[in-house]
Amino acid sequence: MNGPPRIADKVIHRQSVRLGRTIKLLCPVEGDPPPLTMWMKDGRTIHSGWTRFRVLQQGLKIKEVESDDAGTYICKATNGFGSMNVNYTLIVIDDASSGKDSQVPEGSNGEYEDHSGKQWARPRFTQPAKMRRRVIARPVGSSVRLKCVASGNPRPDITWLKDNKPLTPQEIGENKKKKWTLNLKNLKPEDSGKYTCRVFNRVGEINATYKVEVIRKYCPLGHSTKIGVHCQ
């Protein structure tokens, strides 16, 4: 009999998972015609660009869970007769959290960062694939971006150092939205050096170092340099 989507099974709306594990959030809906489903996290549609997320016929699978995966998830099921939502609050448990601080407050709804029931969590880099190149060669006058995107609870802060000396706000630039990325523009030879990001919150600290080599563009007889920067 034709009708809008309806829940076909009991749903446990509050789910928890340990950091680094895999979890599947089910979407047990049925209807005639069978509904199409889509998933959202904190109001954003989950799509194929979310590399650790897989939308399956029976639910949403999240691999190698990170602390930032905590939040509110909605499965929206729609057919020609209507739609319905299945809501989840996902809590991520970090075993490295310290004792009593890691208690989850009862009745929290996961929507507010300070009262979300998230565990205290040490900082961790959330985009390690973008940090694999730690030695970077660039010609004079070009630019480079150094990334240290990280998560944690409380939300971590970041400081940047060059050759172990803190960079000034002027050297870093004041763009708050891009605080996880250091943009070095119009490179000069003296910009060569080791750049370190220190990411820290009250639970712990991590760091990463990039070695930047600024290459002069001239070289004899029109040959390219050994690092592949062509002479001009």
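Quick note: structure is the one above.
Residues numbered from 1 in each chain as written. Predicted model: local features only at pLDDT ≥ 70, side-chain atom pairs only at ≥ 80, totals over all residues. Heavy atoms only, no water.

**Student:** I'm lost on the sheet that holds strand β3 (residues 23–26) in this one. Help?
**Tutor:** Remark on secondary structure: sheet strands pair via backbone hydrogen bonds, oriented parallel or antiparallel. With antiparallel pairing, three strands are arranged side by side in an open sheet as β3-β8-β7. Where the open sheet ends on each side, the last strands, each with one partner, are β3 and β7 (53–56). Across the sheet, the mean angle from the axis of one strand to that of its neighbour is 20°, orientation sign disregarded. Where β7 meets strand β8 (residues 59–62), four bridges bridge the pair, whose relative direction is antiparallel. (Pairing = 2+ DSSP bridges. Helix = DSSP H or I, 4+ residues; strand = E, 2+ residues; numbered from the N terminus. Axes fitted to C-alpha atoms, helices over the stretch in contact; angles between N-to-C directions.)

**Student:** Whenever I open this one, the packing of aromatic side chains confuses me. Can you help?
**Tutor:** Aromatic rings in a pair are described by how distant their centres are and how their planes are angled relative to each other. Under the defined criterion, the tally for this structure stands at two aromatic pairs. Ring geometry for W39 versus Y88: centroids 6.3 Å apart, planes at 20°, classification stacked. Residue W39 is located in strand β5 (residues 36–41), and its partner Y88 is located in strand β10 (residues 82–93); the two are separated by 49 residues in the primary sequence. The exposure classification of W39 matches that of Y88, with both residues buried. With a centroid separation of 5.2 Å and an interplanar angle of 90°, the aromatic rings of W50 and F53 are classed as edge-to-face. Neither W50 nor F53 differs from the other in exposure class; each is buried. (Phe/Tyr/Trp six-rings, centres within 6.5 Å; stacked < 30°, edge-to-face > 60°. Buried < 20%, exposed > 50% of the residue type's maximum accessible area, 1.4 Å probe, protein only.)

**Student:** Any chance you could explain the environment of F81 here in plain terms?
**Tutor:** Residue placement: F81 occurs in the loop between β9 (71–79) and β10. Sequence separation between F81 and N2 is 79 residues; the distance between their C-alpha atoms is 7.9 Å. With sequence-adjacent residues up to four places away left out, F81 is seen in contact with N2, G3, P4, D32 and P33. (Contact = heavy atoms within 4.5 Å.)

**Student:** Would you explain the pattern of salt bridges in this entry?
**Tutor:** When the charged atoms of two side chains lie near each other, side chains of opposite charge can form a pair. All told, the structure shown has seven salt bridges when counted by the stated rule. Here R6 makes a salt bridge to E30, at a shortest N to O gap of 3.4 Å. Of this pair, R6 sits in strand β1 (residues 3–7) while E30 sits in strand β4 (residues 29–32), and the two are 24 residues apart along the sequence. Exposure remark for R6: the relative accessible area of 41% places this residue in the partly exposed category. Where E213 meets K211, a salt bridge forms, and the shortest distance between an N and an O atom there is 3.9 Å. The class of E213 is partly exposed, set by a relative accessible area of 24%. Using a relative accessible area of 39% as the deciding quantity, one classes K211 as partly exposed. (Salt bridge = Lys/Arg side-chain N within 4 Å of Asp/Glu carboxyl O.)

All quantities given are derived from atomic positions and should not be read as evidence of function.
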